[in-house]
Amino acid sequence: MEAEKLASFKTNNQVVILVKEEKNRKMLKSILESNCFQVEFTNEPQKVVQIINRVNASIFLHDWDSIDYDQNVSMHQRISKIDELPPLCTIVYAAKITPSMLALSVDTKIDRIITKTNLKINLVEEIKMTRSGVTEVDSLREKIREIHNKNDSYSQNEINELVVETFERYPHDPIVKLEFGNLCYRRNNFKRAENLSLELININRNNVRAMNLLSRIYMKQKNYDKSLAILKNANILSPKNLDRLILLGDICYEKGDTNEARSYYKEACAEYSDNKEAISSYAEFEIKENNFDVAIELFKKSMSEEEAAGLLNNAGVQAVRLGQYEDALKFYKLAYESLKTNKHIPQILFNLGLAYLRQKMHEEALRHFKMAAAEKPDFRKANAHVRNLEKYLNKQKSA
């Protein structure tokens, strides 16, 4: 968080509160407004993000006992995947703090969990303490999150250098240590990554993100049983995490359990029906299983035409590799039909030509190579295939 944003965040007193009971609303309103906070209430978890954005809130206060467990988990897991929110301090209060709540706080953007007893006595102090804890290290943490957000303003090398620099300055910060562990994993230094993740788990046995890292390490080493056991434990502590559900699917698939893999991919899609990563992971799995119709429906229902065209084209390439030329044609045709712009049309037409060529449908192949060359006159490969096929077909006719 830049200095200016940090100062603004610490002086913004707009609070959004998710709470149902009227008596609790009155109590919170009285405490907060007497301390110069502006309060906005809701009892609908699905409207929280909309309200936070509308009022530009800097504080989200959530009564855990207002909604059921599944709604609580889904809401916080979804909020953690939204990058467009303003800088936000999230405080959860409950009658009793459980290990699952603590694990969820590691997984998501929950900054603090307090008891209802403490809420009545020290609510304003808890807010001040949580906000005062936002320091320069949070600025570095925010930049590190670019790794996960895949922001094009940073190259991977810049991000890696930032992680190393941050770890040198704050080696004991758990988020920084975890990101350095992830960097070690990406650089194939699995032993260092394993040691760092185990250190984090020893300090906090509810650190489910460190469990994710440890599970990836064991998966890479093909120790699938150990990897799966760790990740299933993390999923019990903090369910409905998108990254974890996809990783569980990946491990089960590598282990050879396609039914269990499918169940995790489907769960990820059901929980995050508008998330492209969830959808593409499930669709790619079905492509590997030769269930092309399922993959096509997933692509068509959930993505923009251009995105769907790109993924369908990739699916066609995969089908060709598998020798499924009829399915490849189906994918390429759908990819071509999905596009309104001509950005990918030459390549898709060329791929269609290749698929026809592999099926010895030479005239259709020639027609599509010509179409590709017409769209992109300097398309060397397409032009070469046109010349070669014309020669071949002329010889066939004269024979």
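Up top is the structure.
Residues numbered from 1 in each chain as written. Predicted model: local features only at pLDDT ≥ 70, side-chain atom pairs only at ≥ 80, totals over all residues. Heavy atoms only, no water.

1. Quick notes on the packing of helix H9 (residues 156-169) against helix H10 (residues 174-186)
At a minimum axis distance of 9 Å, the contact between H9 and H10 shows a crossing angle of 135 degrees. The orientation of H9 with respect to H10, classified from their angle, is oblique. For the crossing formed where H9 meets H10, the hand is left-handed. Across the interface between the two elements, Gln156, Asn160, Val163, Val164, Thr166 and Phe167 of H9 pack against Val176, Lys177, Glu179, Phe180, Leu183 and Arg186 of H10. For the contact of H9 with H10, the class distribution of residues is 6 nonpolar, 3 polar and 3 charged. (Axes fitted to C-alpha atoms, helices over the stretch in contact; angles between N-to-C directions. Helix = DSSP H or I, 4+ residues; strand = E, 2+ residues; numbered from the N terminus. Parallel < 35°, antiparallel > 145°, perpendicular 65-115°, else oblique. Left-handed = near helix turned anticlockwise from the far one by under 90°. Contact = heavy atoms within 4.5 Å. Nonpolar A, V, L, I, M, F, W, Y, C, P; charged D, E, K, R; others polar.)

2. Focus: helix H5 (residues 99-107)
Taken together, the buried positions of H5 are Met101, Ala103, Leu104, Ser105 and Asp107. If you follow the buried residues of H5, they end up packed against helix H4 (69-79), strand S4 (89-94), strand S5 (112-115), helix H12 (208-220), helix H13 (224-237) and helix H14 (242-255). (Buried < 20%, exposed > 50% of the residue type's maximum accessible area, 1.4 Å probe, protein only.)

3. Remarks on the layout of surface pockets
There is about 200 Å³ of room inside the second largest pocket. Lining of the second largest pocket is provided by Met219, Asp250, Tyr253, Glu254, Tyr265, Ser281, Glu284, Phe285 and Lys288. If you list the elements that add at least two residues to the lining of the second largest pocket, you get H14 and helix H16 (276-288). A breakdown of the residues in the lining of the second largest pocket according to their chemical character gives 4 nonpolar, 1 polar and 4 charged. (1 Å grid on protein atoms, 1.4 Å probe; cavity = no way out; pocket = protein on both sides within 12 Å on 5 of 7 lines; lining within 4 Å. Points joined across faces, edges and corners; volume = space filled by probe spheres on them.)

4. Observations regarding the environment of Lys255
Relative to the helices and strands, Lys255 resides in helix H14. Along the primary structure Lys255 and Leu228 are separated by 27 residues, whereas in three dimensions their C-alpha atoms are 9.3 Å apart.

5. Digging into the environment of Gln14
In this structure, Gln14 sits in strand S1 (residues 14-18). As a C-alpha pair, Gln14 and Ala57 span 43 residues in sequence and 4.7 Å in three-dimensional space. When sequence neighbours within four positions are dropped, the list of residues in contact with Gln14 reads Gln38, Val39, Glu40, Val55, Asn56, Ala57, Ser58 and Ile59.

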